[in-house]
Amino acid sequence: MDPDWIEHRRGIDGELLGWMEPAGDGFVVIDLLGRPRTGPLDWLAAEEALDALGIGYLGEPHELRLETGEWIRVRILEASPRGIRLKKDDWGAQAVGAPQEFFAVAFPAPEGFRALVRDAG
């Protein structure tokens, strides 16, 4: 995390929504995965963009590219500047003793980690 990033928290409960990175006369919105989400915006527009983004995307399915080149479906367990923890998506299966696979990726999120690409059909 860049020390120049400015935290933005939700007004209702103080939940961290992301950061604003100074960029010239404006601010670039950075999400909780450390990824830029906008070009430079004025302060108010950057705050509004983070408020609109929220945190719901963290609950959506994502994909992780393994060293073999295979993409697997994962869920985010934790996202912070210390790193991002993932779990292979088991579609809610909770069988006792079922194997679980966990992964750790760097912050900001690397290229091999992305929102799930859905078929357009």
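Residues numbered from 1 in each chain as written. Predicted model: local features only at pLDDT ≥ 70, side-chain atom pairs only at ≥ 80, totals over all residues. Heavy atoms only, no water.

**As for the pattern of salt bridges**
Then, in step 1: On inspection of all chains with the given rule, the structure shows nine salt bridges.
Then, in step 2: A salt bridge links Glu63 to Arg114; its shortest N-O distance comes to 2.8 Å. With Glu63 in strand 4 (residues 62-65) and Arg114 in strand 8 (residues 113-115), the pair connects residues that are 51 residues apart, well separated along the chain.
Then, in step 3: Residue classification places Glu63 among the buried residues on the basis of a relative accessible area of 11%.
Then, in step 4: Classification of Arg114 by relative accessible area gives partly exposed; the value is 30%.
Then, in step 5: Through salt bridges that share partners, Arg73, Arg75 and Asp89 make up one connected network. (Salt bridge = Lys/Arg side-chain N within 4 Å of Asp/Glu carboxyl O. Helix = DSSP H or I, 4+ residues; strand = E, 2+ residues; numbered from the N terminus. Buried < 20%, exposed > 50% of the residue type's maximum accessible area, 1.4 Å probe, protein only.)

**Structural notes on the pairing of strand 6 (residues 83-88)**
Then, in step 1: In this sheet, strand 6 lies alongside strand 5 (residues 71-80) in antiparallel orientation, the contact comprising six bridges. Bridge assignment links Val74 to a residue of strand 6, and that residue is Lys88.
Then, in step 2: Adjacent in sequence and paired antiparallel, strand 5 and strand 6 are bridged by two residues.
Then, in step 3: Pairing between strand 6 and strand 7 (residues 102-105): four bridges, direction antiparallel. Counterpart to Ile84 in the pairing with strand 7 is Val105. (Pairing = 2+ DSSP bridges.)

**What to know about the packing of aromatic side chains**
Then, in step 1: Here the structure, examined in full by the defined rule, presents four aromatic pairs.
Then, in step 2: Measuring from centroid to centroid gives 5.8 Å for Trp19 and Phe107, while their planes differ by 70°, and the two rings are edge-to-face. Here Phe107 lies in the loop between strand 7 and strand 8 and Trp19 lies in strand 2 (residues 16-23), a separation of 88 residues in the sequence. For the residue pair Trp19 and Phe107, the accessibility class agrees, reading buried in each case.
Then, in step 3: One aromatic cluster is present, built from ring pairs that chain together Trp5, Trp19 and Phe107.
Then, in step 4: Cation over ring: Arg114 sits above Trp71, and NZ or CZ is 3.6 Å from the ring centre. (Phe/Tyr/Trp six-rings, centres within 6.5 Å; stacked < 30°, edge-to-face > 60°. Lys NZ or Arg CZ within 6 Å of the ring centre and 35° of its normal.)

Fair warning: the whole summary comes from geometry, so function is off the table for now.
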